[in-house]
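# Inside the fold
If you want the building blocks of each chain, they are given just below.
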Amino acid sequence: MKTTPYHPFTIPLMAIAAGVVVANIYYNQPILHDISAATGATAGQAGRVSTLAQLGYGLGMFFVLPLGDKLDRRKLITGLTSLLFVSLLLLSIARSIQLICLLSFFVGLGSTPAQILLPMSATLSTGDRGKTVGRVFAGILIGILGARVVAGVVSDLLGWRYVFAISAALVLIVTILLYRYLPVIPPKFRGSYPQLLSSTIKLIGEYPVLRQAALLGAFTFGTFCSFWTTLTFHLSAAPLHYSASRIGLFGLIAIGGALAAPVFGKLADKGQVYKSLLVSVGMVIVSILLLKIFPHSILLLSVSVFLLDVGVQATQITNFTRIYSLHEHAHSRLNTVYMTAYFMGAALGTSCGVAAWQYGGWDMATWQLLLWSVIALAIVGWSAKVQSRAATTA
């Protein structure tokens, strides 16, 4: 089997498809109350909808994502998006909370292709890998950040079931286009599935750069998730008293940040990895300092949201560029290691943010954000030192 050439439309399609797919994990969050009211479920039962979607996505990260190195990625991706389409369609007509929870798990599992498309874009690119990965990752971030806004608007106008129905239609369209335009890339891994998972774990010990990038990714995305969790509490409390819809508008600012972040991929392409990381993590620290010094200035809060989002996403894009250069035939497995650490950081950051808010409000929340970002900066410095030492001894 030979690699087939790809159409110029393929990379933009991959970015759009990744955003359309990954958004399905987050659509349910702003409409949980509506689901609860429609099904007669308690708040706790409705909350399982979001939990099971995340669980399905997380399990897909470890057990499905590595298959991108063993199977035909086009068939794997379109097979999973077909599962996603069916799950969303059934969700739009489901009546019981139990069925909605079960289908939400399969929605999470069916959203895994977003993270298969990302390393696939790296495989298709060589000299401009950072730029290409940045474009696809920007699509993922726009999907994540825009999902809550879209779900809230559609639910208010048409009802919560239309959120899933419209998404099912979009997923069907991208599935057809992906099957048409994704090139065939021959898989290089020939071992069994258990050997595939075992080789994924071995990559952690084999590549110091992967360990460094995974640790940095965990702390920066942990900062990101902690910020967005506590921001909701801060904006809805005195003296601002913002409504949920007004709070959601800050996601639009974050989308602007996601669009700007791919510029840093170009720095990574030029070999300026640590310069890119120092600048991006520095932006995160500056944004948090602004949040702490000017807690009630909406203008500076908007600037902070933009800087923080650009900084975090630029860090991730640079990290992806670093790890995808380690092993040309293990992109999916490298991504598995990185994204597992990434979402562990998200879970820990969210928990720390909630605890900090409960203990000391916005002041304590911003202190812990600053701590997370300073640790991230220290990791960059440590990584640069290790790399410099390795280059000297080589």
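Residues numbered from 1 in each chain as written. Predicted model: local features only at pLDDT ≥ 70, side-chain atom pairs only at ≥ 80, totals over all residues. Heavy atoms only, no water.

### Details of the overall build of the protein
Applied cut-off: Secondary structure counts use DSSP, requiring at least four H or I residues in a row for a helix and at least two E residues in a row for a strand, with both numbered from the N terminus. The size measure is the radius of gyration over C-alpha atoms, and the globule rule it meets is 2.2 Å times the number of residues to the 0.38 power. Type-normalised accessible area, obtained with a 1.4 Å probe on protein chains alone, sets the label of each residue: buried when under 20%, exposed when over 50%, and partly exposed for intermediate values.
The helix and strand inventory of the protein stands at 16 helices and 0 strands. Here the C-alpha atoms of the protein give a radius of gyration of 21 Å, agreeing with the 21 Å that 2.2 N^0.38 yields for 394 residues. Viewed in the frame of its principal axes, the protein has a C-alpha envelope of about 60 × 50 × 35 Å. Burial analysis of the protein (394 residues in total) assigns 55% to the buried set.

### Looking at the environment of Phe-63
What counts here: What makes two residues a contact is simply this: any of their non-hydrogen atoms within 4.5 Å.
Within the fold, Phe-63 resides in helix α3 (residues 43–63). Separated by 130 residues in the primary sequence, Phe-63 and Tyr-193 have C-alpha atoms spaced 9.4 Å apart. Beyond its immediate chain neighbours, meaning those up to four positions away, Phe-63 contacts Tyr-193 and Leu-197.

### A few points about the nonpolar core
The following threshold applies: Nonpolar cores are built from buried Ala, Val, Leu, Ile, Met, Phe, Trp, Tyr and Cys residues. Side-chain atoms within 4.5 Å join them into one set.
Membership of the largest hydrophobic core comes to 105 residues, with the highest contact counts inside it found for Phe-227 and Phe-320. Ranked by residues supplied to this core, first place goes to helix α16 (residues 331–393) with 11 residues. Not counting the four nearest positions on each side in its chain, Phe-320 is found in contact with Leu-118, Val-133, Phe-137, Asn-335, Tyr-338 and Met-339. Judged by nonpolar contacts, the second largest core, of 8 residues, contains Leu-216, Tyr-274, Ala-376 and Ile-379.

### Some words on the state of the cysteines
Put plainly, two cysteines are in a disulfide when a covalent bond ties their sulfur atoms together. This is how the line gets drawn: Pairs of cysteine sulfur atoms within 2.5 Å are identified as disulfides in what follows.
Tallying each qualifying case throughout the model produces 0 disulfides. Free of any disulfide, Cys-352 has its nearest cysteine sulfur in Cys-225, 12 Å distant. Residue Cys-352 is classed as partly exposed on the basis of its relative accessible area of 29%.

### Things to note about the pattern of salt bridges
This is how the line gets drawn: A side-chain nitrogen of Lys or Arg and a carboxyl oxygen of Asp or Glu constitute a salt bridge if their distance falls within 4 Å.
Summed over the entire model, instances satisfying the criterion amount to 3 salt bridges. Here Arg-73 ties to Asp-69 by a salt bridge, and the two come within 3.3 Å at their closest N and O atoms. For the residue pair Arg-73 and Asp-69, the accessibility class agrees, reading buried in each case. Since its relative accessible area comes to 2%, Asp-69 is described here as buried.

### A few points about empty space enclosed by the protein
The following threshold applies: The definitions used throughout rest on a 1 Å grid laid over the protein atoms alone, on which a cavity is an enclosed set of points accommodating a 1.4 Å probe that cannot get out and a pocket is an open set flanked by protein within 12 Å on both sides along at least five of seven lines; lining residues are those having an atom within 4 Å of a point. Grid points are joined across faces, edges and corners, and a volume is the space filled by probe spheres set on the points. Three classes are used, and their members are as follows: Ala, Val, Leu, Ile, Met, Phe, Trp, Tyr, Cys and Pro are nonpolar, Asp, Glu, Lys and Arg are charged, and the others, Gly among them, are polar.
One pass over the full model with this rule turns up 2 cavities of 30 Å³ or more. The computed volume of the largest cavity comes to approximately 50 Å³. Surrounding the largest cavity, Val-22, Tyr-57, Gln-115, Phe-137, Ile-140, Leu-141, Ile-144, Met-339, Tyr-342 and Phe-343 form its lining. It is helix α7 (residues 129–158) that provides the largest number of residues to the lining of the largest cavity, a total of 4 residues. Considering only residue class, the lining of the largest cavity consists of 9 nonpolar, 1 polar and no charged. There is about 40 Å³ of room inside the second largest cavity. Along the walls of the second largest cavity sit Asn-24, Asn-28, Ala-53, Leu-91, Ser-104, Val-107 and Phe-164, which together make up its complete lining.

### What about the packing of helix α10 (residues 208–236) against helix α15 (residues 298–324)?
Heads up, the rule is: Lines are fitted to the C-alpha atoms to define the axes, a helix being fitted only along its stretch in contact, and any angle between axes, read from their N-to-C directions, falls within 0 to 180 degrees. Here is the rule for angles: anything less than 35 degrees is roughly parallel, anything more than 145 is roughly antiparallel, 65 through 115 is roughly perpendicular, and the remaining ranges are oblique. For any helix crossing, the convention is left-handed if the near helix is rotated counterclockwise from the far helix by under a right angle, and right-handed if that rotation is clockwise.
Between α10 and α15, whose axes approach to 10 Å, the crossing angle comes to 160°. It follows that α10 is roughly antiparallel to α15 by the angle criterion. Two packed elements cross with a definite hand, and for α10 against α15 that hand is left-handed. Along the lines of polarity and charge, the residues of the contact of α10 with α15 split into 15 nonpolar, 7 polar and 2 charged.

### Comments concerning a nonpolar patch on the surface
Here is the rule we go by: Excluding any residue in a salt bridge, patches collect residues exceeding 30% relative accessible area, merging like charges within 9 Å and nonpolar Val, Leu, Ile, Met, Phe, Trp and Tyr side chains within 5 Å. In these tables, accessible area is a Shrake-Rupley quantity obtained with a 1.4 Å probe, and a residue counts as shielded only by the protein chains included in the view.
Residues Val-153, Leu-157, Leu-158, Tyr-162, Ile-166, Leu-170 and Ile-173 make up a contiguous nonpolar surface patch of roughly 680 Å² in combined accessible area. At the level of elements, α7 and α8 (160–181) are the ones that each hand at least two residues to the nonpolar patch. Among the elements that make up the nonpolar patch, the one with the highest residue count is α8 (4 residues). Leu-157 gets classed as exposed once you look at its relative accessible area, which sits at 68%.

### Some points on helix α6 (residues 113–124)
For an α-helix the count is 3.6 residues per turn, leaving residues at separations of three or four pointing the same way. To be explicit about the condition: Helix span, expected: 1.5 Å multiplied by one less than the number of residues in the helix.
Spanning 12 residues, α6 covers 16 Å between terminal C-alpha atoms, matching the ideal 16 Å at 1.5 Å per step. Of all 12 residues in α6, 11 are buried, a share of seventy percent or more. Of the residues making up α6, those classed as buried are Pro-113, Ala-114, Gln-115, Ile-116, Leu-117, Leu-118, Pro-119, Met-120, Ser-121, Ala-122 and Leu-124.

### Some remarks on the layout of surface pockets
Roughly 1400 Å³ of volume is contained in the largest pocket. Taken together, 38 residues make up the lining of the largest pocket; nearest its centre are Tyr-26, Gln-29, Arg-148, Trp-228 and Thr-232. For the lining of the largest pocket, the secondary structure elements donating two or more residues are α3, α7, α10, α11 (244–248) and α16. Here the lining of the largest pocket is composed, by residue class, of 22 nonpolar, 13 polar and 3 charged.

### Considering the packing of α7 against α15
As a packed pair, α7 and α15 sit with axes 9 Å apart at the nearest point and diverge in direction by 135°. When the axis of α7 is compared with that of α15, the two are oblique. Here α7 runs over α15; the crossing is right-handed. Mapping the contact onto sequence places Arg-129, Gly-130, Val-133, Gly-134, Phe-137, Leu-141 and Leu-145 in α7 and Asp-309, Gln-313, Gln-316, Ile-317, Phe-320, Thr-321 and Tyr-324 in α15. Taken together, the residues that form the contact of α7 with α15 break down as 7 nonpolar, 5 polar and 2 charged.

### Topic: the environment of Ile-166
Checked against the element boundaries, Ile-166 lands in helix α8. Residues Ile-166 and Ser-92 lie 74 residues apart in sequence; the distance between their C-alpha atoms is 9.1 Å. Aside from chain neighbours lying at most four places away, what touches Ile-166 is Val-154 and Leu-158.

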